[in-house]
Structure formats: structure tokens, C-alpha cells
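This is what each chain is made of:
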Amino acid sequence: GFKSFTMPRRDGPADNDPLGDDFNYQSFTVWQDKKAFMNWRNSQSFKDAHGSGNKKNQDKKATTPPPWVKPPQVEFWEGVLELTSPQGA
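Residues numbered from 1 in each chain as written. Predicted model: local features only at pLDDT ≥ 70, side-chain atom pairs only at ≥ 80, totals over all residues. Heavy atoms only, no water.

**Focus: the pattern of salt bridges**
Here's step 1: A complete count under the given rule lists one salt bridge for this structure.
Here's step 2: Lys3 is the salt-bridge partner of Glu82, the closest N and O atoms lying 2.9 Å from each other. Of the two residues, Glu82 is situated in the segment after helix 2 (44–49) and Lys3 in strand 1 (residues 2–6); the sequence distance between them amounts to 79 residues.
Here's step 3: With a relative accessible area of 37%, Lys3 lands in the partly exposed category. (Salt bridge = Lys/Arg side-chain N within 4 Å of Asp/Glu carboxyl O. Helix = DSSP H or I, 4+ residues; strand = E, 2+ residues; numbered from the N terminus. Buried < 20%, exposed > 50% of the residue type's maximum accessible area, 1.4 Å probe, protein only.)

**Some points on a nonpolar patch on the surface**
Here's step 1: Nonpolar side chains collect at one region of the surface, where Phe2, Phe5, Met7 and Tyr25 lie side by side and expose about 440 Å² of accessible area between them.
Here's step 2: In this structure, Phe2 sits in strand 1.
Here's step 3: Residue class for Phe2 comes out partly exposed when judged on its relative accessible area of 47%. (Patch = residues over 30% accessible without salt bridge, like charges linked within 9 Å, V, L, I, M, F, W, Y side chains within 5 Å. Areas by Shrake-Rupley, 256 points an atom, 1.4 Å probe, with all protein chains shown as cover.)

Structure, rendered in C-alpha cells:
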């Protein structure tokens, strides 16, 4: 069910951001349907990749994890137009 992945980066710092947001990356995935995404989201592969699975030889020191190891905040959008070509984007 997975179709594509994109990770845009903010172009420069966010000036005058009242929240002090320094989050510079977002990730976008496109799936065949919501069921395919949820099947992946509930898989061991997802848990291993996003830090909620069993990890061997894990350092037990208490440290603040980097932001990319936290589970992503999910928002669903329904695609209304998909353009593709044999050559890619």
C-alpha cells in the first residue's frame, strides 16, 4: 500500500514565530488507503524504526532523545488529485 515519501525542509529560519518553532522538517507519505497505513503503523517494522520496539544493546543512561525518534503526529488528508508520469516527478 505504500506509494511515496517526501521530506521537505523549511527554507531558512522562521522569523517572528510566536511559538519559537525551530522544527525544520516535515515528512509526508502517500498510501494506497488508510487501511494500508494503519497496517504498517501497527507493525513491528514501524515500532523498530520509531523507537517503540525492543532494542538490543540499548544504552540505559537517561538522556533526552532526539526529536526524530518520537512517534510522528499523524494527520490524515484525502488526496483529490494525483499526477504521475513514467519519468517520475
